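Read off the chains here:
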Amino acid sequence: MKSIVALQAVVTAVPFDGEPSVAELEAVEREMPLILAEVDLLDARIMILDRAVTVLDARRIRRAHNRVLAARRDLANRQGPKEAA
């Protein structure tokens, strides 16, 4: 039976500082239009949880959904060939 203490150096070789890397921050920045569009869609859906859907609500949700789709399309088109794989 191996002791876990022998493997501790391998497991904790690189200390985690809790901060995102530059690459992770750049990825979030690239995805920010999609994130904001999804937040708008979520807000539109939350507004109708406790009431009947009006024509204006349906239009607001449809437009928010279309913004999400457009943001996804733009994000997919911006990715380079090596990022898409």
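Now for a quick tour of the structure.

Rules and cut-offs
Residues numbered from 1 in each chain as written. Predicted model: local features only at pLDDT ≥ 70, side-chain atom pairs only at ≥ 80, totals over all residues. Heavy atoms only, no water. Core = buried A, V, L, I, M, F, W, Y, C linked by side-chain atoms within 4.5 Å. Buried < 20%, exposed > 50% of the residue type's maximum accessible area, 1.4 Å probe, protein only. Helix = DSSP H or I, 4+ residues; strand = E, 2+ residues; numbered from the N terminus. Contact = heavy atoms within 4.5 Å. Salt bridge = Lys/Arg side-chain N within 4 Å of Asp/Glu carboxyl O.

## Structural notes on the nonpolar core
Of all hydrophobic cores here, the largest spans 10 residues; its members are L34, A37, L41, A44, I48, I61, A64, V68, A71 and L75. With five residues, helix α3 (residues 55-78) is the single largest residue contributor to this core. Those residues in contact with A64 that sit more than four places away from it in its chain are A37, D40 and L41.

## Considerations on the pattern of salt bridges
For the structure on display, the rule yields four salt bridges. R72 is the partner of E38 in a salt bridge, and the nearest nitrogen-oxygen pair spans 3.5 Å. Linking E38 in helix α2 (residues 22-47) with R72 in helix α3, this pair joins segments that are 34 residues apart in sequence. The shortest N-O distance in the salt bridge between R60 and D57 comes to 3.1 Å. Of this pair, R60 and D57 both sit in helix α3, separated by three residues, roughly a single helical turn. For R60, a relative accessible area of 31% translates into the label partly exposed. You can call D57 buried: its relative accessible area is 3%. Among the charged side chains, a network of salt bridges with common partners joins R51, D57 and R60.

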